[in-house]
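Examining the three-dimensional arrangement
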Amino acid sequence: MNLSNLRPAKGSVKNRKRIGRGTGSGRGGTSTRGHKGAGSRSGHSTKIGFEGGQMPLQRRVPKFGFKNLNRVEYNGVNLDALQELVEKHNLTTVTLEELVAHGLVAKKDKVKILGRGELKAKVEVTAHAFSASAQAAIEAAGGSIVKL
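Structural notes, computed from the coordinates. These figures come from a predicted structure and were not determined experimentally.

Let's shift gears to the side chain of N78. Checked against the element boundaries, N78 lands in strand β1 (residues 74-78). According to the relative accessible area criterion, N78 is buried, its value standing at 16%.

Okay, here's the thing in structure tokens:
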């Protein structure tokens, strides 16, 4: 098999419907647009979501909740992930650059250290935020925290 004899699967390619090619075609005359009205005229387009005058779905569904425009999204990193990172790479300080380099967070993410798991290593951790339990666990292990 090579590129010169590739063919689509049998029955997968159909001819398009050619409208406006005489009454014998079954799609001549009004060319499937019907008689009169805006839909039959050239240049007509309905707005997105328009349902022919029926109340559109977007307006029928109830709205609720609140989106805070000033919300700060943090990417969480747990203590067990930190412990694994420290053991694997023999680290004494864990910075954002280390977390990015080892694929735990993305470059532009704000990082919050969370308290799942336990930390045995004495390590200095740099992040944007810390949960109370994570901060206590890091300091109990003899480490320190640096908030950005």
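The next subject is a nonpolar patch on the surface. There is a patch of nonpolar side chains on the surface, built from M1, L3 and L6 and spanning about 440 Å² of accessible area. A relative accessible area of 43% places L6 in the partly exposed class.

Looking now at the sheet that holds strand β4 (residues 124-127). Reading across from one edge, β2-β4-β6 is the order of the 3 strands in this open sheet, with parallel pairing throughout. The open sheet has two edge strands, β2 (93-94) and β6 (144-147), and neither has a second partner. Sheet topology note: the β4/β6 ladder contains 4 bridges and is parallel. The residue bridging A127 from the neighbouring strand is K147, located in β6.

Moving on to the nonpolar core. Counting 20 residues, the largest nonpolar core has L82, V94, L99, V111 and I113 as the members making the most contacts within it. When contributions to this core are tallied by element, the ones reaching two or more residues are α2 (79-89), α3 (96-101), β3 (110-114), β4 and α4 (132-140). Broken down by element, the residue count for this core peaks at 4 residues, all from α2. The residues contacting L82, other than those within four sequence positions of it, are V77, V94, L99, I113, L119 and V125.

Rules used in this analysis
Residues numbered from 1 in each chain as written. Predicted model: local features only at pLDDT ≥ 70, side-chain atom pairs only at ≥ 80, totals over all residues. Heavy atoms only, no water. Helix = DSSP H or I, 4+ residues; strand = E, 2+ residues; numbered from the N terminus. Buried < 20%, exposed > 50% of the residue type's maximum accessible area, 1.4 Å probe, protein only. Patch = residues over 30% accessible without salt bridge, like charges linked within 9 Å, V, L, I, M, F, W, Y side chains within 5 Å. Areas by Shrake-Rupley, 256 points an atom, 1.4 Å probe, with all protein chains shown as cover. Salt bridge = Lys/Arg side-chain N within 4 Å of Asp/Glu carboxyl O. Pairing = 2+ DSSP bridges. Core = buried A, V, L, I, M, F, W, Y, C linked by side-chain atoms within 4.5 Å. Contact = heavy atoms within 4.5 Å.

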